[in-house]
Amino acid sequence: MTATSKTGIGTGTTSTPGTAAVPPPGSPNNKTVHQDKRSRVPLGHRRLLTRRDRITLGLMAGVPTILHVMLVWLTALASIALAFTTWDGIGFDSIKWVGLDNFKELFTNNPQFWPAVEHNVIWFVVLILIPTPLGLFLAVQLDKKIRFSKVYQTAFFLPVVLSMAVIGFVWQLVYNPDTGLINNLIGANEPGHYIDWIGDPDLNLWSVLIAASWRHTGYMMILYLAGLKGVDPALREASSLDGANEWQTFRNVIFPTLRPTNTVVLVVTIIEALRAFDLVFVFNKGAQGTELLSILVTNNIIGESSRIGYGSAIAVVLLVISLAVIIPYLIATFRKERSA
């Protein structure tokens with residue numbers, strides 16, 4: 001007896017038990033399968049986002065965008081336009097075009113303008129020289145995973161969580177001539193020996209800067225701590241194998257890798273120095289030696305004599321100063337990163 005294979009009637013195909021017969025290419029059944037696949041794929045994609053999903057995503061992306069454009073970009077452009085006008089804020093009919101008169105008056109006839117510019121520069125220099133290195137030092141120490149590091153992080157970062165107004169009220173209590181902490185410690189709380197840390201024009205700016213540095217230190221600590229967490233541990237191990245001590249490892253290996261963090265720190269410090277307002281306003285409303293550009297803007301726009309055009313001119317000067325410092329530095333930094 002010879003072994004025979006099971007063949008289909010009238011065909012030369014063979015079939016084995018346990019396998020399904022696959023229709024040959026071009027058969028009607030095969031066309032139906034491919035049509036079903038083509039019809040199911042688009043249908044699945046259509047089902048990923050329903051109409052309600054599209055409306056929800058549109059609202060989630062559209063509403064914040066509209067608010068950002070209206071509250072940031074439109075107001076900024078409106079301030080630039082108003083800087084060349086005079087307006088008392090009552091009715092749009094009272095807006096009058098004056099060209100560069102506001103800027104001429106600002107640069108030549110305002111005795112508070114140049115002291116305010118000087119104070120903003122001092123603010124930036126102090127923040128970049130004192131709290132920034134101190135924040136870096138604290139970040140390096142906390143990155144060593146010492147005991148109670150989370151407690152220390154919370155304690156140093158707490159001033160950043162508080163609003164500047166609250167910080168101002170706290171430091172007012174510290175600087176109080178009668179019951180303040182500082183005068184009590186140095187014995188300057190007796191009549192005739194008072195030290196007026198807030199009212200003295202020679203001291204009040206530095207007193208405010210101490211309070212600002214207290215807050216800025218925690219901010220810098222968190223930024224640098226985040227940068228240190230991203231440093232590859234292999235770099236430290238390779239440096240220690242080469243015989244470098246802790247300071248040499250930090251100076252030659254760790255600190256160069258913190259270049260992106262340093263860029264963020266510089267930009268943040270410039271912004272903090274230029275937008276400084278609430279702490280000074282709580283102390284003494286920016287008078288008697290604590291004039292700032294932001295204080296001048298506020299006093300001219302919402303002061304007793306509302307000069308919106310003149311206040312907008314000061315705001316434009318503040319904007320130009322910030323952009324003139326930040327944009328060239330960012331361009332140079334990005335070029336170095338691309339070339340590297």
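Residues numbered from 1 in each chain as written. Predicted model: local features only at pLDDT ≥ 70, side-chain atom pairs only at ≥ 80, totals over all residues. Heavy atoms only, no water.

Would you explain the overall build of the protein chain in this entry?
The helix and strand tally for the protein chain stands at 15 helices and two strands. Here the protein chain holds 340 residues, and the buried ones make up 32% of them. Contacts in the protein chain between residues far apart in sequence, at least 24 positions, make up 64% of those at least 6 positions apart. For the protein chain, the accessible surface area stands at approximately 22000 Å², while carbon and sulfur atoms represent 66% of it. (Helix = DSSP H or I, 4+ residues; strand = E, 2+ residues; numbered from the N terminus. Buried < 20%, exposed > 50% of the residue type's maximum accessible area, 1.4 Å probe, protein only. Contact = heavy atoms within 4.5 Å. Areas by Shrake-Rupley, 256 points an atom, 1.4 Å probe, with all protein chains shown as cover.)

I'm lost on the packing of aromatic side chains in this one. Help?
Note on aromatic pairs: each is described by the distance of the centres and the angle between the planes. Per the counting criterion, the structure on display carries 13 aromatic pairs. Members of the aromatic cluster, each reached through a chain of ring pairs, are W171, Y175, W197, W214 and F283. Looking at R307, its charged tip hangs above the ring of Y310, at a distance of 4.2 Å from the centre. (Phe/Tyr/Trp six-rings, centres within 6.5 Å; stacked < 30°, edge-to-face > 60°. Lys NZ or Arg CZ within 6 Å of the ring centre and 35° of its normal.)

Could you clarify how one ought to interpret the pattern of salt bridges in this entry?
Pairing between side chains becomes possible if they bear opposite charge and their charged atoms approach one another. Overall, the coordinates contain six salt bridges when judged by the stated rule. The closest approach of N and O atoms between D143 and R236, which form a salt bridge, is 3.0 Å. Linking D143 in the loop between α5 (131-142) and α6 (149-161) with R236 in helix α10 (residues 233-241), this pair joins segments that are 93 residues apart in sequence. On the accessibility criterion, D143 (14% relative accessible area) is buried. Assessed through its relative accessible area of 32%, R236 is described here as partly exposed. A salt bridge links K144 to E246, with the nearest nitrogen and oxygen atoms 2.6 Å apart. (Salt bridge = Lys/Arg side-chain N within 4 Å of Asp/Glu carboxyl O.)

Where do I start with the side chain of T269 in this structure?
Note on placement: T269 falls in helix α12 (residues 259-274). Beyond its immediate sequence surroundings of up to four residues, T269 is in contact with F124, L127, I128, T132, H216 and M220.

Looking at this structure, how should I read the environment of N299?
Within the secondary structure, N299 is located in helix α14 (residues 293-301). Expressed as a C-alpha distance, the spacing of N299 and G311, which sit 12 residues apart in the sequence, is 7.9 Å.

It is not clear to me how α5 should be interpreted in this structure. Could you clarify?
Since the α-helix packs 3.6 residues into each turn, any two residues three or four apart lie on the same face. In this model α5 runs 16 Å from its N-terminal to its C-terminal C-alpha over 12 residues, within 8% of the 16 Å that 1.5 Å per residue would give. On its buried face, α5 sits against α4 (113-129), α6, α9 (204-229), α11 (246-257) and α12. (Expected span 1.5 Å × (residues − 1).)

Would you explain the confidence of the model for the protein chain in this entry?
Atomic detail in the predicted coordinates should be set aside for any region of low pLDDT. Mean pLDDT over the protein chain works out to 82, with 85% of the residues at or above the 70 mark. Segment residues 1-20: pLDDT under 50, and six contacts once partners within four positions in sequence are set aside and those in other chains are kept. (pLDDT = per-residue confidence, 0-100.)

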